[in-house]
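Analysis of the macromolecular model
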Amino acid sequence: MSKIVLITGATSGFGEATAKLFANAGYKVIITGRRKERLEAFKQSLPQCDILSLCFDVTKKEEVFNAINTLPEAYKNIDILVNNAGLALGLGRAPEADLDDWDTMVDTNIKGLLYVTRAVLPTMVARKSGYIFNLGSIAGNWPYEGGNVYGATKAFVKQFSLNLRTDLKGTNIRVTNIEPGFSQTEFSDVRFKGDKEKADQVYKGTKALDKEDIANTIFSLSQLPEHVNVNRIEIMPTKQSCGGLFVERD
Ligand code: NDP
Ligand code: 8X3
């Protein structure tokens with residue numbers, strides 16, 4: 001029987017590439033996101049694959065639970081959950097940053113991920129089987145200017161992933177926190193609110209990760225034997241590294 005994968009934020013970037021990879025490998029894939037037309041276009045682009053689209057906003061608790069609790073019988077027993085939906089908004093320093101942006105990042109990256117996880121867990125626990133991938137970020141490990149709340153939401157995701165491992169002992173459920181460095185997706189378009197010029201600057205003159213690099217990582221990890229759990233994996237482009245500590249001088 002084909003395994004079932006649910007991927008949040010499959011309308012673009014990592015989520016879309018991961019959905020494509022699993023679908024082409026014969027998995028039953030549940031794709032989710034807010035942009036219904038993108039979900040439908042994705043489904044139509046792979047007519048030979050078994051794909052179910054679910055349109056919901058991860059920040060809306062009722063929408064999340066309603067969508068997952070009313071899944072058709074054939075898709076109920078989710079084997080792999082990829083908690084990918086997320087975003088950064090703005091790159092302003094904390095004193096000037098927009099509070100609404102902070103709210104949206106917390107609501108999406110933290111609360112949305114919690115709602116989806118909590119909605120999916122009961123069937124995994126009942127079957128004593130499952131694999132949860134959470135999309136963290138290097139921003140949850142390393143500070144950078146303007147990364148204030150975005151990085152903090154990803155640090156939350158990292159710790160929640162590790163804590164889940166502890167709470168899920170005895171269930172055989174695996175949890176991996178995926179921690180990518182900068183990658184060329186729609187991430188910067190969203191962060192800079194459609195300012196294409198600013199978004200393009202992020203990737204200019206260098207080589208970022210491709211969305212397929214992360215999809216391949218998730219897929220490869222999912223193929224490891226069931227007794228193996230990779231807790232965290234940090235992946236950077238070769239052309240990105242850490243800047244070291246900064247000392248302010250007079
Ligand atoms: P994209 O902007 O390309 O994709 C983000 C996805 O999240 C979209 O499918 C979007 O779907 C979905 N999403 C956003 N908000 C919501 C919401 N409220 N409800 C449901 N879905 C939502 O970005 P990436 O692919 O780059 O990002 C995917 C994940 O990877 C994020 O968690 C991001 O923080 C993380 N990440 C990204 C890195 C990068 O450099 N690109 C590096 C490290 C981590 P829709 O708009 O249709 O709802
Ligand atoms: C996205 C990676 O470095 O742009 O999570 O914050 S970074």
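Since this is a predicted model, take the numbers as computed values, not measurements.

Looking at where Gly13 falls in the secondary structure, it is placed in helix α1 (residues 13-24). Along the backbone, Gly13 and Ala215 are 202 residues apart, and their C-alpha atoms lie at a distance of 9.4 Å. Residues within four places of Gly13 in sequence aside, it is in contact with Thr185 and Lys211.

Let us now look at the pattern of salt bridges. All told, the structure shown has eleven salt bridges when counted by the stated rule. Ionic pairing is found between Arg127 and Asp79, a salt bridge with its closest N-O pair at 3.0 Å. Remark: Asp79 occurs in the loop between α3 (61-69) and β4 (80-83) and Arg127 occurs in helix α4 (residues 99-127); sequence separation between them is 48 residues. In this structure, Lys211 engages Glu212 in a salt bridge whose closest nitrogen and oxygen atoms are separated by 3.6 Å. Judged by relative accessible area, which is 39%, Glu212 ranks as partly exposed. Overlapping salt bridges bring together Arg35, Arg38 and Glu186 as one network.

You will see that Lys128, though not glycine, has its phi angle at about 50°, which is positive. A positive phi angle is found at Asn172, which is not glycine, with a value near 70°. Tracing the backbone through its elements, the reader meets Asn172 in the loop between α5 (148-167) and β6 (173-180).

Our next topic: the site of ligand 2. Every residue lining ligand 2 is accounted for by Ser137, Ile138, Ala139, Tyr144, Tyr150 and Phe187. Residue Ser137 places a side-chain N or O atom 2.6 Å away from an oxygen atom belonging to ligand 2. Starting from 240 Å² of accessible surface for ligand 2 in isolation, the protein chains cover 84%. Residues of the shell around ligand 2, tallied by class, amount to five nonpolar, one polar and no charged.

With that out of the way, let us pick up α4. For α4, with 29 residues, the first-to-last C-alpha span of 41 Å sits near the 42 Å given by 1.5 Å per residue. Along α4, the largest kink reaches about 35° and is centred on Leu121; proline Pro122 follows within four residues of it. The residue sitting at the N-terminus of α4 and contributing the capping side-chain oxygen is Asp98; that oxygen lies 2.8 Å from the backbone nitrogen of Asp100.

Another point: the sheet that holds β6. Hydrogen bonds between backbone atoms are what pair the strands of a sheet, whose relative direction is either parallel or antiparallel. Across the sheet, which stays open at both edges, the seven strands sit in the order β3-β2-β1-β4-β5-β6-β7 with parallel pairing between neighbours. Each having just a single partner strand, β3 (51-55) and β7 (232-235) make up the two edges of the open sheet. Averaged over all neighbouring strand pairs, the angle between strand axes comes to 15°, with direction disregarded. As paired elements, strand β2 (residues 28-33) and β3 share five bridges and run parallel to each other. Of the residues in β3, the one forming a bridge with Gly33 is Cys55. Across the sheet, α5 lies against β5 (130-135), β6 and β7, angled at about 160° from β6, the strand it touches most.

Rules behind the numbers
Residues numbered from 1 in each chain as written. Chains lettered and ligands numbered in written order. Predicted model: local features only at pLDDT ≥ 70, side-chain atom pairs only at ≥ 80, totals over all residues. Heavy atoms only, no water. Helix = DSSP H or I, 4+ residues; strand = E, 2+ residues; numbered from the N terminus. Contact = heavy atoms within 4.5 Å. Salt bridge = Lys/Arg side-chain N within 4 Å of Asp/Glu carboxyl O. Buried < 20%, exposed > 50% of the residue type's maximum accessible area, 1.4 Å probe, protein only. Near = heavy atom within 4 Å. Polar contact = N/O pair within 3.5 Å; in protein donor to acceptor, adjacent residues only side chain to side chain. Areas by Shrake-Rupley, 256 points an atom, 1.4 Å probe, with all protein chains shown as cover. Nonpolar A, V, L, I, M, F, W, Y, C, P; charged D, E, K, R; others polar. Expected span 1.5 Å × (residues − 1). Bend = angle between axes of the 7 residues up to and from the residue. Pairing = 2+ DSSP bridges. Axes fitted to C-alpha atoms, helices over the stretch in contact; angles between N-to-C directions.

Functional significance is not addressed by these values, which are geometric in nature.
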